[in-house]
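So the chains spell out like this:
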Amino acid sequence: MTGDSTPRHTPVERAIEHTLFASRWILAPVYLGLAIGLLVVLAKFVIEAYELITHAYSVDIDAATVGVLSLIDLSLMGSLILMVMFAGYENFVSKIDVGSHKDRPSWMGHIDFSDLKLKLIAAIVAISAIRLLENFMNIDTLSDRDLAWSAGIHAIFVVSAVLLALTDRLTSGKHP
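Residues numbered from 1 in each chain as written. Predicted model: local features only at pLDDT ≥ 70, side-chain atom pairs only at ≥ 80, totals over all residues. Heavy atoms only, no water.

J.: How would you explain the overall build of the protein if you had to name every residue and give the values?
T.: For the protein, the helix and strand inventory stands at 5 helices and 0 strands. When the elements of the protein are put in sequence order from the N terminus, they spell out α-α-α-α-α. A compact globule built from 176 residues should have a C-alpha radius of gyration of about 16 Å, whereas the protein, at 23 Å, is more than 25% larger. Projected onto the principal axes, the alpha-carbon positions of the protein cover approximately 80 × 40 × 30 Å. Residues classed as buried in the protein amount to 22% of the 176 residues present. Within the protein, counting contacts between residues at least 6 apart in sequence, those at least 24 apart form 68% of the total. Summed over its atoms, the accessible surface of the protein is roughly 12,200 Å², and 69% of this surface lies on carbon and sulfur atoms. Once the 13 positive and 18 negative side-chain charges of the protein are each reduced to a mean point, those two points are 11 Å apart. (Helix = DSSP H or I, 4+ residues; strand = E, 2+ residues; numbered from the N terminus. Rg over C-alpha atoms; globule rule 2.2 N^0.38 Å. Buried < 20%, exposed > 50% of the residue type's maximum accessible area, 1.4 Å probe, protein only. Contact = heavy atoms within 4.5 Å. Areas by Shrake-Rupley, 256 points an atom, 1.4 Å probe, with all protein chains shown as cover. Lys, Arg positive; Asp, Glu negative; His and termini not counted. Charge placed at Lys NZ, Arg CZ, Asp CG, Glu CD.)

In structure tokens form, the structure reads like this:
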């Protein structure tokens, strides 16, 4: 063996490694599918906003609040899809090359898998909280069982988020 410590690979190993590396592109259609999902969220947002506007004079404040919360829920869902789409593509497939485009989000290229997990669970907790608030705004139309399940599921999301953040902090070496 020479002074070079770089491992030498056989042609078979190189072919396997090249194939495995190229297989990351199998995920590209998944991220394109998320872009389609973003269009679906946009369509639902437009429909909900239209219904909220056209019924603004005929609904009480509670119904208007639920309508606005629904719009917030959809906007969070859209942001979550965009974040997963960009960060997932950049982390697992290829860097998105838009040069120094003035509209490039500052977080693009800086969210690693750990950050993505935490942002994902935070968005899920926020969406769950909005759903829970919507349920409490419609308290007279839901059973106690439905409200209890809603609150319980939200509590599980919150506990899961805290545990995930704690685990991530402990394993990343960023703890004091």
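J.: Hey, could you go over the packing of helix H3 (residues 61–92) against helix H4 (residues 113–137) for me, with residue numbers and the actual values?
T.: H4 packs onto H3 with a crossing angle of 165° between their chain directions and a minimal axis gap of 10 Å. Considering their axes alone, H3 and H4 lie roughly antiparallel with respect to each other. The handedness of the crossing between H3 and H4 is left-handed. Taken together, the residues that form the contact of H3 with H4 break down as 19 nonpolar, 4 polar and 5 charged. (Axes fitted to C-alpha atoms, helices over the stretch in contact; angles between N-to-C directions. Parallel < 35°, antiparallel > 145°, perpendicular 65-115°, else oblique. Left-handed = near helix turned anticlockwise from the far one by under 90°. Nonpolar A, V, L, I, M, F, W, Y, C, P; charged D, E, K, R; others polar.)

J.: So, the packing of aromatic side chains: which residues are in play, and what are the values?
T.: Tallied over the entire structure, the rule returns 2 aromatic pairs. With 6.2 Å between their ring centres and 75° between their planes, Trp25 and Tyr89 make a pair best called edge-to-face. Of this pair, Trp25 sits in the loop between helix H1 (11–22) and helix H2 (28–54) while Tyr89 sits in helix H3, and the two are 64 residues apart along the sequence. Judged by relative accessible area, Trp25 falls into the partly exposed class, the value being 38%. Plain terms: the ring middles of Tyr31 and Tyr89 are 6.3 Å apart, the flat faces sit at 85° to each other, and that makes the pair edge-to-face. Here Tyr89 lies in helix H3 and Tyr31 lies in helix H2, a separation of 58 residues in the sequence. Residue Tyr31 is classed as buried on the basis of its relative accessible area of 10%. (Phe/Tyr/Trp six-rings, centres within 6.5 Å; stacked < 30°, edge-to-face > 60°.)

J.: How would you summarise the environment of Asp168 if you had to cite specific residues and measurements?
T.: In this fold, Asp168 is placed in helix H5 (residues 144–172). Asp168 sits in the buried class, given a relative accessible area of 13%. Spatially, the C-alpha atom of Asp168 lies 34 Å from that of Val68, the residues being 100 residues apart in sequence. In contact with Asp168, other than residues within four places in its own chain, are Ser114, Lys117 and Leu118.

J.: Can you break down the packing of H4 against H5 residue by residue, with the values?
T.: As a packed pair, H4 and H5 sit with axes 9 Å apart at the nearest point and diverge in direction by 160°. The pairing of H4 with H5 is recorded here as roughly antiparallel in orientation. Crossing handedness for the pair H4 and H5: left-handed. Residue-level inspection shows Ser114, Lys117, Leu118, Ile121, Ile124, Val125, Ser128, Ala129, Leu132, Asn135 and Phe136 of H4 in contact with H5, the latter providing Leu147, Ser150, Ala151, His154, Phe157, Val158, Ala161, Leu164, Ala165 and Asp168.

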